[in-house]
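Understanding the architecture of this molecule
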Amino acid sequence: MLLKWVKASSKDLGFIFSLALNGARKGHFEPQILLEKEAYRHYLICSIQKECDPRGFPTKAFVIYLNDLRVGAAVITTAIGTPDIGVEVAMIAIKHEFQGRGYGTQAVNEILEHYLPLGSVYARCLPASARLHQMLIKRNFFNVGQSGASSILRREPAALLSMLA
């Protein structure tokens with residue numbers, strides 16, 4: 001069950017946008033996605049085409065494949081306003097029919113493997129994302145605050161964790 005991460009292209013926009021809308025409908029992503037669909041679509045277009053968000057902060061969109069099947073997507077952005085340089089998992093979503101098979105866990109592990117050597121990794125979890133929240137806590141994330149209904153979690157960089165051990 002080796003997942004393959006591919007930088008999203010314009011042909012993936014509909015797929016990623018659909019995952020975001022479905023996640024927002026289920027309470028996993030901010031409801032503003034549903035209220036401001038065109039603004040979120042523009043955010044994704046910028047992430048895919050320019051590798052930055054509309055404000056110019058580095059942001060990348062990925063499609064997650066299992067063999068030739070698109071099973072999910074992720075958007076990774078610069079963690080703005082944080083005390084250290086890091087990234088935020090702005091979105092991670094696995095298609096409904098592939099959930100419960102460990103692909104989300106594997107995707108989170110691969111994000112950590114790639115980004116932790118570079119700095120902290122942040123994520124936001126709404127109450128409906130209790131499974132993701134627990135998964136992150138098990139991987140040494142800790143709560144650093146709230147933003148509306150979202151818990152903000154942080155995982156220390158790998159180098160810092162090894163110094164503290």
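See the structure printed just above.
Attention here is on the structure that accompanies the text. Predicted model only: the values in this text are computed from it and were never measured.

What counts and how
Residues numbered from 1 in each chain as written. Predicted model: local features only at pLDDT ≥ 70, side-chain atom pairs only at ≥ 80, totals over all residues. Heavy atoms only, no water. Helix = DSSP H or I, 4+ residues; strand = E, 2+ residues; numbered from the N terminus. Rg over C-alpha atoms; globule rule 2.2 N^0.38 Å. Buried < 20%, exposed > 50% of the residue type's maximum accessible area, 1.4 Å probe, protein only. Contact = heavy atoms within 4.5 Å. Areas by Shrake-Rupley, 256 points an atom, 1.4 Å probe, with all protein chains shown as cover. Lys, Arg positive; Asp, Glu negative; His and termini not counted. Charge placed at Lys NZ, Arg CZ, Asp CG, Glu CD. Pairing = 2+ DSSP bridges. Arc of directions from axis to C-beta.

Within the chain, the secondary structure is distributed over six helices and seven strands. What you see in the chain, going N to C, is helices and strands ordered as β-α-α-α-β-β-β-α-β-α-β-β-α. Taken over the C-alpha trace, the chain has a radius of gyration of 15 Å; the compact-globule value for 165 residues is 15 Å, and the two agree within 12%. For the chain, the residues scored as buried account for 45% of the 165 residues in total. Of all intrachain contacts in the chain linking residues separated by at least 6 positions in sequence, the fraction that spans at least 24 positions is 56%. Per element, the accessible surface of the chain, about 9,000 Å² overall, is 57% carbon and sulfur. One way to put it: in the chain the 19 positive side-chain charges average out to a point 5 Å from where the 13 negative ones average out.

By the secondary structure assignment, C46 is in helix α3 (residues 37-49). A relative accessible area of 4% means that C46 is categorised as buried. Between the alpha carbons of C46 and D84 there is a distance of 24 Å; along the sequence they are 38 residues apart. For C46, the residues in contact, after removing those within four places along its chain, are E51, C52, D53 and P54.

The pairing of strand β6 (residues 142-147) with strand β7 (residues 150-155) spans five bridges and is antiparallel. The residue bridging F142 from the neighbouring strand is R154, located in β7. The hairpin turn running from β6 into β7, its antiparallel successor, is two residues long, and G148 in that turn takes a positive phi close to 65°.

So, about helix α5 (residues 130-138). Those residues of α5 that fall on the buried side of the exposure criterion are H133, M135 and L136. Seen along its axis, α5 keeps its buried residues to an arc of 165°; they face one direction. Exposed residues on α5 whose side chains face more than 90 degrees from its buried face are R131 and K138. Buried positions along α5 lie against α4 (103-115), β5 (120-125), β6 and β7. Of the residues flanking the end of α5, it is N140, one or two places downstream, whose phi is positive at about 70°.

Functional significance is not addressed by these values, which are geometric in nature.
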